[in-house]
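Chains, contacts and geometry: an overview
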Amino acid sequence: MRLHIKDTFNKELPADKDTTNYPRQVHHACFSYVTPKAPENPLLLHASEEVAELLGITKEDLASEDFLGLVTGGSILKDTQPYAMCYGGHQFGNWAGQLGDGRAINLTELEHNGKRWALQLKGSGLTPYSRTADGLAVLRSSIREHLCSEAMHYLEVPTTRSLSVSLSGSEVMRDMLYNGNAAMEKGAIVARVAPSFIRFGNFEIFASRGEFDTLKKLTDYTIKAFYPHIESGTKEGYLAFFKEVASKTLDMIIHWQRVGFVHGVMNTDNLSILGLTIDYGPYGWLEGYDPNWTPNTTDRQFRRYRFGNQPQIAQWNLYQLANALFSFIDESEPLQEILDQFNTGFHTKYLEMMRGKLGLQKEVGADRDLISGLEKTLQLTETDMTLFFRLLSQYSAGMDVEDVKALLDPIKDAYYAPTELKDDILEAWHQWLAQYVYRLQLEEISDTERKTAMNATNPKYVLRNYMAQMVIDEAEKGNTDLLNEVFELLKKPYDEQPEKEKWFAKRPEWARNKVGCSMLSCSS
Ligand code: AMP
Ligand code: MG
């Protein structure tokens, strides 16, 4: 295995002078050096060949001892110095102080084909930022991160990537539902990859402590490395940086809303400075379309991170980032302007995205009403979001809107309880679908062209919560066939894949209230 190591973060930014590994507050440093815990009996469960290729790791390398050592922390690459990053964060709306990489360790940065990648292990043991926890991760959350990172990539949602998931060979104690029932679970390690894992919280921690010198070094480094077209060091430069972060964050959120992804823990330490989806914890996918839904049991009471609130939370988080960068800019108006633009930009881009989901190429004033009408109608009875939008591509401008049965038929499989639909709900659907057919009559593209365009933006296959849980249950028993199957399925989420049609289905009833299928805790 030949890798082109090119470390910059730990070479250019201030390191923690204390190299002993115990939980503590770390000052005036962007990171602390740590050594991953060597696993007892590591076993590679799955690797992504495509991510390996990004790093210059060949298919043959994947089967090697060197690779297993690399992705489980058993061996450290020559000339590298692994480290954990220092960051803080607002958790559930409150400043939480120093957090940091408590169970993540950056191994190194690599350069391949002109691109730069940071390689990080998650679940490799204690760091100075582990607080009272153990620095380890369990199999269920590791499989969920590995699968979802890659599923999101293939859905064309900006995301960190996952190279591999492995068993460590040790057991880890977890109280999965925080209800006093702790049990031993299999320990696991994910090797994840991104241009950088820097978060909003990396900036917030230094601003909160008044460590402006370190803050400036980190900000200048980030701009130089990841926003190289911006000139750092001036007020205009820092504003341009903030503006681009806001714009990338907005694009990411629009994608989440498009595919029905709910992150679950949008704390500022879980927002990437590159606008990538990061830290897959208690995330979930909308099944029944419901803007109030969140998969995270920890957030059950206030539902801060519910599907429909993600855009507002992103803006709130950007507000915190603006506060952290304030000292470079020294006036609030231009920052506020960018935050306001996020809001207006969201409405414009959401409309554009929803037009895409409905297959509308022309811009018509009444589209806003058509879309808000749909959002209301979708909630009248539990209607599967993924199935609905995929089935909607069967409609055409020539349909007879008076033929109620024919009009309602194409989407009937999207309802969770089709036989119990009340007349007023059916009537509301009739009205909306008739409006949609009239709207299609204003379009100039053919039905076939529209169907192709819709199927390129409305996925047929997403990582439904129950699917991830089935994969986990099998892997717990030592069987990774389903992991492979689901991974391959999700590599082509927009393709028909007729031989895999069984996954184009509503969530089965057994999964409705099963832990892991409908609700998750932060415990991982
Ligand atoms: P998360 O909710 O995963 O974003 O984690 C919030 C913070 O808690 C981060 O600083 C994590 O590194 C830390 N953390 C979460 N789980 C663990 C663990 N098992 N061991 C050490 N730190 C953890
Ligand atoms: Mg996190």
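Residues numbered from 1 in each chain as written. Chains lettered and ligands numbered in written order. Predicted model: local features only at pLDDT ≥ 70, side-chain atom pairs only at ≥ 80, totals over all residues. Heavy atoms only, no water.

Some remarks on the site of ligand 1
As a structural note, the neighbourhood of ligand 1 is formed by 16 residues, with Gly-100, Gly-102, Arg-103, Arg-131 and Gly-135 the closest of them. Contacts to ligand 1 include Arg-174, whose side-chain N or O atom sits 3.3 Å from a nitrogen atom. Here ligand 1, which alone exposes 480 Å², has 84% of that area covered by the protein. Here the residues of the shell around ligand 1 are counted per class, giving three nonpolar, six polar and seven charged. Split by domain, the residues of the shell around ligand 1 number at least three in each of domain 1 (9-198) and domain 2 (201-356). (Near = heavy atom within 4 Å. Polar contact = N/O pair within 3.5 Å; in protein donor to acceptor, adjacent residues only side chain to side chain. Areas by Shrake-Rupley, 256 points an atom, 1.4 Å probe, with all protein chains shown as cover. Nonpolar A, V, L, I, M, F, W, Y, C, P; charged D, E, K, R; others polar. Domains from an automatic or database assignment.)

Some thoughts on unusual backbone geometry
For Arg-131, which is not glycine, the phi dihedral falls at a positive 50°. With respect to the element layout, Arg-131 can be found in the loop between strand E7 (115-122) and strand E8 (137-138). (Helix = DSSP H or I, 4+ residues; strand = E, 2+ residues; numbered from the N terminus.)

Things to note about the pattern of salt bridges
One pass over the structure, following the stated rule, counts 39 salt bridges. A salt bridge links Arg-512 to Glu-509; its shortest N-O distance comes to 2.7 Å. Here the salt bridges do not stand alone but share partners, grouping Glu-287, Glu-382, Asp-384, Arg-464, Arg-507, Glu-509 and Arg-512 into one network. (Salt bridge = Lys/Arg side-chain N within 4 Å of Asp/Glu carboxyl O.)

Focus on the side chain of Ser-32
With respect to the element layout, Ser-32 can be found in strand E1 (residues 31-33). Polar side-chain contacts of Ser-32 include one of 2.8 Å to the side chain of Tyr-129. Excluding its chain neighbours within four sequence positions, the residues that come into contact with Ser-32 are Asp-16, Val-26, Pro-82, Tyr-83, Ala-84, Pro-128 and Tyr-129. (Contact = heavy atoms within 4.5 Å.)

Some words on the domain arrangement of the protein chain
Each assigned domain of the protein chain is listed with its residue range as follows: domain 1 (9-198), domain 2 (201-356) and domain 3 (360-455). Averaged C-alpha coordinates put domain 1 and domain 2 at centres separated by 22 Å. Summed over both partners, the interface of domain 1 with domain 2 comes to about 3,800 Å²; 61% of that surface belongs to carbon and sulfur atoms. On the domain 1 side of the contact with domain 2, His-90, Phe-92 and Ile-198 bury the most area, a combined 21% of that side's loss. The shortest N-O distance in the salt bridge between Arg-192 and Asp-279 comes to 2.9 Å. (Buried area = accessible area lost by both parts, 1.4 Å probe.)

A closer look at the environment of Arg-368
For Arg-368, the location among the structural elements is in helix H11 (residues 367-378). Expressed as a C-alpha distance, the spacing of Arg-368 and Ser-196, which sit 172 residues apart in the sequence, is 37 Å. With residues up to four places along the chain from it excluded, the contact list for Arg-368 reads His-347 and Leu-351.

Notes on the pairing of strand E5 (residues 94-98)
Pairing between strand E4 (residues 88-91) and E5: three bridges, direction antiparallel. Directly across from Gln-91, in E5, lies its bridge partner Asn-94. The hairpin formed by E4 and E5 contains two residues between the paired strands, and Phe-92 there has a positive phi angle of roughly 50°. (Pairing = 2+ DSSP bridges.)

Looking at the packing of aromatic side chains
Summed over the entire model, instances satisfying the criterion amount to 26 aromatic pairs. Taken together, a centroid distance of 6.1 Å and an interplanar angle of 65° make the contact between Phe-261 and Tyr-280 edge-to-face. Of this pair, Phe-261 sits in strand E11 (residues 261-262) while Tyr-280 sits in the loop between E11 and strand E12 (284-285), placing them 19 residues apart in sequence. By relative accessible area, which is 0% here, Phe-261 ends up buried. A relative accessible area of 2% places Tyr-280 in the buried class. Seen from their ring centres, Tyr-466 and Trp-510 are 5.9 Å apart, and the 90° between their planes marks the pair as edge-to-face. Of the two residues, Tyr-466 sits in helix H16 (residues 465-476) while Trp-510 sits in the segment after helix H17 (481-489), which places them 44 residues apart along the sequence. Among the aromatic residues, those joined into a ring-pair cluster are Phe-388, Phe-389, Tyr-395, Tyr-415, Trp-429, Trp-432 and Tyr-436. In this arrangement the basic side chain of Lys-460 is found over the ring face of Phe-504, its NZ or CZ atom lying 4.8 Å from the centre. (Phe/Tyr/Trp six-rings, centres within 6.5 Å; stacked < 30°, edge-to-face > 60°. Buried < 20%, exposed > 50% of the residue type's maximum accessible area, 1.4 Å probe, protein only. Lys NZ or Arg CZ within 6 Å of the ring centre and 35° of its normal.)

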